[in-house]
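Close look at the chain arrangement
Chain by chain, the residues run as shown.
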Amino acid sequence: MTQTAPQFDISSSSPTGTVSGPAADPQLDLWRNLPIAQQPSWHGTEEYEQAVAELGSLPPLVFAGEVDVLRERLAAAAEGKAFLLQGGDCAETFAGATADKISARIKTILQMAVVLTYGASMPVIKMGRMAGQFAKPRSSDVETRDGVTLPAFRGDIVNGYEFTEESRRHDPKRMVQAYHTAASTLNLIRAFTQGGFADLRSVHQWNQGFMANPAHSKYDDLAGEIDRAVSFMAACGADFEALKRTEFFAAHEALLLDYERALTRTDSRTGLPYDTSAHFLWIGERTRQLDAAHVDFLSRVRNPIGVKLGPTTTGDDAIALINKLDPNREPGRLTFITRMGAGNIREKLPAIVEAVQREGAKVVWVTDPMHGNTVTSQNGYKTRRFDDVMDEVAGFFEVHNSLGSVAGGLHVEMTGDDVAECLGGSDPIREDQFDALYESVCDPRLNHRQSLEMAFLVADSLAH
Ligand code: PEP
Ligand code: MN
């Protein structure tokens with residue numbers, strides 16, 4: 001494949017702002033010589049080469065200019081002048097990329113954002129775990145059912161969920177299907193958020209549906225305040241036309257480096273590499289080793305980067321990650337997504353925050369209250385209790401408030417659908433609903449009502 005040399009002259013750049021084909025910089029391939037965890041076994045095959053070449057010839061999914069805007073927004077979140085809301089499936093599936101499911105998820109995120117915007121009195125940066133959240137790290141390479149052992153499901157971008165030998169085969173053609181599924185998901189996201197669907201008044205109206213449920217009457221006061229605020233804006237002649245559109249960013253775990261590398265392109269304005277598979281990429285708790293492939297690769301792209309930090313993280317680990325991923329201390333570049341567990345956060349988070357403060361570094365501190373709170377239900381489902389999730393969120397605010405650091409955002413596994421995967425909430429989900437209503441192929445998500453309830457509770461913490 002021929003590589004186009006980077007072009008710096010904007011007049012000769014492509015309309016997408018990126019030079020076509022994967023970025024040529026050899027440093028973007030240094031990860032190939034480093035230890036790498038959680039990857040499929042498909043290398044060296046003809047179909048792998050073909051899939052990577054095809055991905056490399058396809059257009060970027062996001063533009064470098066949008067990625068730069070997001071970095072500025074995150075810089076504001078690091079300063080306490082914006083709040084980040086990241087939400088979506090644990091694992092998106094190809095079959096789940098339907099108009100109904102995607103729009104329900106976007107609607108729920110927008111509904112949560114309105115409540116949070118009111119509570120925080122600041123802009124909420126809306127971001128989906130969407131349009132690329134197809135690759136999953138697994139604790140075991142294999143899964144055994146009824147005496148049959150097959151490769152574990154690693155997300156639709158690698159293999160199928162169905163428990164058969166054919167479906168569980170690592171198939172590189174799935175990367176191309178993931179790209180097209182991400183493209184159609186992004187197309188809907190752009191249409192919904194730019195085409196008038198996100199009108200503040202409609203989003204507010206949808207929240208009235210949630211409030212109509214008597215189980216949520218404890219949020220009447222806050223909902224009433226928001227209602228009066230919207231009426232006040234209307235009475236003042238606020239330009240609701242401008243509020244019909246909203247920014248919405250796409251994010252996923254950058255786990256499958258074959259996919260990320262093929263979509264990394266040179267920005268024709270600056271000559272720098274951007275991973276155009278999403279605006280924001282994060283490194284998972286299982287792949288954040290300092291001298292390994294994921295940290296190396298992500299250190300070399302311009303996108304804002306997140307790192308998940310679990311309860312074993314030390315202050316020194318955090319500093320080493322900052323030095324590697326954000327050596328220039330660029331505002332908005334680095335987000336730490338802590339996922340400690342409700343029982344750990346008050347004890348473990350302070351040392352990490354204090355180390356970062358001593359270093360004089362600034363990151364966006366985000367809480368993922370899901371991954372440290374996973375339990376197995378009596379009837380054998382992977383689940384989380386709403387109260388544990390909210391307790392971790394409360395601990396996150398307590399720690400940051402006491403240390404004078406900024407609680408900058410929330411990262412949740414949620415859906416817009418009426419599923420039963422997490423236990424509890426004011427209109428409670430019970431274990432006996434799992435058989436009929438548990439849909440996730442990976443981790444349990446908050447359903448529509450639980451997600452909105454979380455937004456009301458967090459809005460309250462932000463307001464007080
Ligand atoms: C996830 O976000 O789905 C995930 C696997 O998280 P973590 O890396 O924090 O375990
Ligand atoms: Mn998950």
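Residues numbered from 1 in each chain as written. Chains lettered and ligands numbered in written order. Predicted model: local features only at pLDDT ≥ 70, side-chain atom pairs only at ≥ 80, totals over all residues. Heavy atoms only, no water.

Our focus in this paragraph is the site of ligand 1. Taken together, C90, R129, K136, P137, G284, E285, R286, K308, R339, H371 and E413 form the complete shell of residues around ligand 1. For ligand 1, an oxygen atom lies 2.8 Å from a polar atom in the side chain of K308. At a separation of 3.0 Å, an oxygen atom of ligand 1 approaches a polar side-chain atom of E413. Its free accessible area being 300 Å², ligand 1 has 97% of it covered by the protein chains. Its residues assigned to classes, the shell around ligand 1 shows two nonpolar, two polar and seven charged. (Near = heavy atom within 4 Å. Polar contact = N/O pair within 3.5 Å; in protein donor to acceptor, adjacent residues only side chain to side chain. Areas by Shrake-Rupley, 256 points an atom, 1.4 Å probe, with all protein chains shown as cover. Nonpolar A, V, L, I, M, F, W, Y, C, P; charged D, E, K, R; others polar.)

The subject of this paragraph is unusual backbone geometry. The phi torsion at S121 lies on the positive side, around 50 degrees, for a residue other than glycine. Here S121 shows up in the loop between α3 (99-120) and β2 (124-129). Residue classification places S121 among the exposed positions, given a relative accessible area of 67%. In the Ramachandran plot, D146 falls in the positive-phi region, its phi being about 45 degrees despite a non-glycine side chain. Examined against the element boundaries, D146 turns out to sit in the loop between β3 (142-145) and β4 (148-151). (Helix = DSSP H or I, 4+ residues; strand = E, 2+ residues; numbered from the N terminus. Buried < 20%, exposed > 50% of the residue type's maximum accessible area, 1.4 Å probe, protein only.)

With that out of the way, let us pick up the sheet that holds strand β1 (residues 83-88). Taken in spatial order, the eight strands close into a barrel running β1-β2-β5-β8-β9-β10-β11-β14, and their pairing is parallel. On average, each strand axis in the sheet is inclined to that of its neighbour by 25 degrees, with strand direction left out of account. The sheet contacts of helix α2 (residues 64-78) involve β1, β2, β5 (249-253), β8 (280-283), β10 (334-338), β11 (364-367) and β14 (407-413), and relative to β2 the element is tilted by about 120 degrees. In the packing of α3 onto the sheet, contacts are made with β1, β2 and β14, and the angle to β2 comes to roughly 155 degrees. (Pairing = 2+ DSSP bridges. Axes fitted to C-alpha atoms, helices over the stretch in contact; angles between N-to-C directions. Contact = heavy atoms within 4.5 Å.)

Spanning 22 residues, α3 covers 31 Å between terminal C-alpha atoms, matching the ideal 32 Å at 1.5 Å per step. Most of α3 sits out of view: 16 of its 22 residues are buried. Once α3 ends, the next one or two residues include S121, with phi positive near 50 degrees. (Expected span 1.5 Å × (residues − 1).)

Each aromatic ring pair is described using two quantities: the centre-to-centre distance and the angle formed by the ring planes. According to the stated counting rule, one finds 13 aromatic pairs in the structure shown. With 6.3 Å between their ring centres and 75 degrees between their planes, W31 and F297 make a pair best called edge-to-face. Residue W31 is located in the segment before α1 (46-57), and its partner F297 is located in helix α9 (residues 293-299); the two are separated by 266 residues in the primary sequence. Assessed through its relative accessible area of 5%, W31 is described here as buried. F297 gets classed as buried once you look at its relative accessible area, which sits at 1%. On the basis of an interplanar angle of 25 degrees and a centroid distance of 5.3 Å, the ring pair of Y219 and F456 is categorised as stacked. Residue Y219 is found in the loop between α6 (200-211) and α7 (220-235), and its partner F456 is found in helix α14 (residues 448-463); the two are separated by 237 residues along the sequence. As far as the burial class goes, Y219 and F456 line up, both buried. Among the aromatic residues, those joined into a cluster by ring pairs are F192, F197 and W206. The ring of W206 has K107 sitting right over it, with the charged end atom 4.6 Å from the ring centre. (Phe/Tyr/Trp six-rings, centres within 6.5 Å; stacked < 30°, edge-to-face > 60°. Lys NZ or Arg CZ within 6 Å of the ring centre and 35° of its normal.)

Here we come to the nonpolar core. One broad rule of soluble globular proteins: the nonpolar side chains tend to lie buried together. The biggest cluster of nonpolar side chains holds 82 residues, and the ones touching the most others in it are L298, L325, F336, W365, M454 and V458. Element by element, the count of residues in this core is highest for α3, at 10 residues. (Core = buried A, V, L, I, M, F, W, Y, C linked by side-chain atoms within 4.5 Å.)

On to helix α5 (residues 173-194). Turn by turn, an α-helix covers 3.6 residues, leaving residues three or four places apart pointing in a common direction. With 22 residues, α5 extends 32 Å between its outermost C-alpha atoms, agreeing within 8% with the 32 Å of an ideal straight helix rising 1.5 Å per residue. Buried within α5 are the following residues: R174, M175, V176, A178, Y179, T181, A182, T185, L186, I189, F192 and T193. Remark: G196 follows α5 within two positions and exhibits a positive phi of approximately 100 degrees.

Attention now moves to the coordination of the manganese ion (ligand 2). On the protein side, the manganese ion (ligand 2) has C90 (SG), H371 (NE2), E413 (OE) and D443 (OD) as donor atoms, found 2.1 to 2.5 Å from it. On the primary sequence, the residues serving as donors to the manganese ion (ligand 2) are separated as C-x280-H-x41-E-x29-D. Of the two residues, C90 is situated in the loop between β1 and α3 and D443 in the loop between α13 (434-437) and α14; the sequence distance between them amounts to 353 residues. D443 matches C90 in its accessibility class, with the two residues each being buried. (Donors = N, O, S within 2.8 Å, 3.2 Å for Na, K, Ca; no water.)

Now for the pairing of β1. The side chains of a regular strand alternate between both faces of the sheet. Among the six residues of β1, six are classified as buried, and the element is accordingly described as predominantly covered. Because side chains alternate across β1, one face comprises the buried residues F83, L85 and G87, and the other comprises L84, Q86 and G88, equally buried. With five bridges connecting them, β1 and β2 associate as parallel partners. Paired with F83 across the two strands is V124, which belongs to β2. Once you follow β1 into α3 and on to β2, the crossover reads as right-handed. When β1 meets β14, the two strands line up parallel, connected through five bridges. Looking at β14, one finds that G87 is bridged to V412. (Right-handed = clockwise from strand over helix to strand, strands pointing away.)

Interaxial distance between α6 and α14 falls to 11 Å at its minimum, and their mutual angle equals 105 degrees. With respect to α14, the axis of α6 lies roughly perpendicular. Judged by residue contacts, N207, F210 and M211 of α6 engage R449, L452, E453 and F456 from α14. The class makeup of the residues in the contact of α6 with α14 is four nonpolar, one polar and two charged. (Parallel < 35°, antiparallel > 145°, perpendicular 65-115°, else oblique.)

Moving on, we come to a negative patch on the surface. The grouping of D220, D221, E225 and D460 at the surface amounts to a negative patch. For the negative patch, the element with the most residues is α7, which contributes three residues. (Patch = residues over 30% accessible without salt bridge, like charges linked within 9 Å, V, L, I, M, F, W, Y side chains within 5 Å. Salt bridge = Lys/Arg side-chain N within 4 Å of Asp/Glu carboxyl O. Lys, Arg positive; Asp, Glu negative; His and termini not counted. Charge placed at Lys NZ, Arg CZ, Asp CG, Glu CD.)

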